[in-house]
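Remarks on the overall topology
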Amino acid sequence: MPNQAYLRVAGLSKRFGSGENAVAAIENLSFTLDEGRFLSILGPSGCGKSTLFNIIAGLMAPDSGDVTLNGESMLLRPGMTGYMLQKDLLLPWRTVADNIILSQTLHGVRRSKALDAALPDARACGLETMLRRRPDELSGGQRQRAALVRTLQTGKPLLLLDEPFGALDAITRLHLQELLTDVCMKKDKTVLFITHDVDEALLLSDEVLIMGSQPGRIIAHYHLPQEKPRTLKTLALPRLIEIKGEIMQLLDQEVKRHDPHA
Ligand code: ADP
Ligand code: MG
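Residues numbered from 1 in each chain as written. Chains lettered and ligands numbered in written order. Predicted model: local features only at pLDDT ≥ 70, side-chain atom pairs only at ≥ 80, totals over all residues. Heavy atoms only, no water.

**Section: the overall build of the protein chain**
The condition is simple: Under the scheme used here, helices are H or I runs from DSSP no shorter than 4 residues and strands are E runs no shorter than 2 residues, and both carry numbers assigned from the N terminus. Within these notes, the globule rule equals 2.2 Å times the number of residues to the 0.38 power, and the radius of gyration is based on C-alpha atoms. Note on classification: 1.4 Å probe, protein chains only; a residue is buried when its accessible area is under 20% of the maximum for its type, exposed when over 50%, partly exposed between these limits. Contacts are assigned to residue pairs that have any heavy atoms within 4.5 Å of one another.
The number of helices and strands found in the protein chain is eight helices and ten strands. Taken over the C-alpha trace, the protein chain has a radius of gyration of 19 Å; the compact-globule value for 262 residues is 18 Å, and the two agree within 12%. With 262 residues in all, the protein chain has 50% of them scored as buried. In the protein chain, once contacts between residues fewer than 6 apart in sequence are set aside, the share between residues at least 24 apart is 66%.

Printed below as a string of structure tokens:
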């Protein structure tokens, strides 16, 4: 097929419940993304971001629409993406080391080999001294970092990251943002990234989707002008400041539409 998009989300709709209580989690949502691009998704809580990810990850069927990767349907086919859920879902009985190599060991890779491969990312995420601990001995931020390393280790070319940096302090967050940009550029990953932080989206992304709620839908799609990697300095460029202003206004309108007192 000529000009076939790498990732294509086409006319996706999903409702929960029925009758008066029905919620249009997402309605007729469509976009495409080229290989190697980093797309951030911003939108108010409840606008269907996690639902979209669950469908792309093959964990949930939509009511209508399709998602394709290189023309192949991804619907109800888990395992085509590296998915980091909003909840870290580390296995409590396994050490950090055994959690971050979970995907490889499930696929029959030898433990020592998988650990060797995971060490550079674990080190870069500051987890080197935590490898023998269990998840309940870690802080929230450390758990998120372990979940990120595990997702990177899946080796999948398409990553879905649902607010991966939500529970991190500012310094650790900056550090991991740099790591993620670096890893994605080096390993040529394609990334969908949910965040609440407009600056984070502008720093990391090639494109930004803004979603609105009830029904969950796309209200804007930006292609950012500046080459990556961006630094905090590039965020001060006039065009990026302008885009940030527009995004803040869209999100503000969207929140006020549902709660005029907000
Ligand atoms: P977001 O991740 O943007 O906060 P979600 O995708 O989690 O939004 O949810 C979108 C909407 O669908 C919300 O109104 C939420 O309450 C509803 N929803 C999500 N999952 C379910 C479910 N399993 N059952 C019923 N309603 C759900
Ligand atoms: Mg969510």
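Text resumes after the structure shown.
**Looking at the packing of aromatic side chains**
To be explicit about the condition: Whether two aromatic rings pair depends on their centres lying within 6.5 Å, for rings of Phe, Tyr and Trp, where Trp uses its six-membered ring; planes under 30 degrees apart make the pair stacked, over 60 edge-to-face, and the rest tilted.
As enumerated under the stated definition, the model contains three aromatic pairs in all. With a centroid separation of 5.4 Å and 50° between ring planes, the pair formed by Phe-38 and Phe-193 is classed as tilted. Here Phe-38 is found in strand β3 (residues 38-42), whereas its partner Phe-193 is found in strand β8 (residues 190-194), with 155 residues between them in sequence. The exposure classification of Phe-38 matches that of Phe-193, with both residues buried.

**Brief notes about helix α6 (residues 170-186)**
The test is simple: To estimate how far a helix should extend, the number of its residues minus one is multiplied by 1.5 Å. Contacts described as polar in this section are N or O atom pairs within 3.5 Å, which, within protein, must combine one atom able to donate a hydrogen with one able to accept it, while residues neighboring in sequence count only if both atoms come from side chains.
When the terminal C-alpha atoms of α6 are compared, their 24 Å separation across 17 residues agrees well with the 24 Å that a helix rising 1.5 Å per residue should span. Those residues of α6 not exposed but buried are Thr-172, Arg-173, Leu-176, Gln-177, Leu-179, Leu-180, Thr-181, Val-183 and Cys-184. On its buried face, α6 is in contact with β3, α4 (111-124), α5 (140-153), β7 (158-162), β8 and α7 (198-204). Of the residues flanking the start of α6, the one acting as N-cap is Asp-169, its side-chain oxygen 3.2 Å from the backbone nitrogen of Ile-171.

**Quick word on the sheet that holds strand β10 (residues 217-223)**
We apply this condition: Any two strands are treated as partners once DSSP identifies two or more bridges connecting them. Lines are fitted to the C-alpha atoms to define the axes, a helix being fitted only along its stretch in contact, and any angle between axes, read from their N-to-C directions, falls within 0 to 180 degrees.
With mixed pairing, the six strands of this open sheet are ordered in space as β6-β7-β8-β3-β9-β10. Looking at which strands have only one partner, the edges of the open sheet turn out to be β6 (82-84) and β10. Going across the sheet, the axis of each strand differs from the next one's by a mean of 15°, ignoring polarity. Pairing geometry for β7 and β8, over five bridges, is parallel. Opposite Leu-159, over in β8, you have Val-191 as the bridge partner.

None of the figures reported here should be taken as evidence of function without further support.
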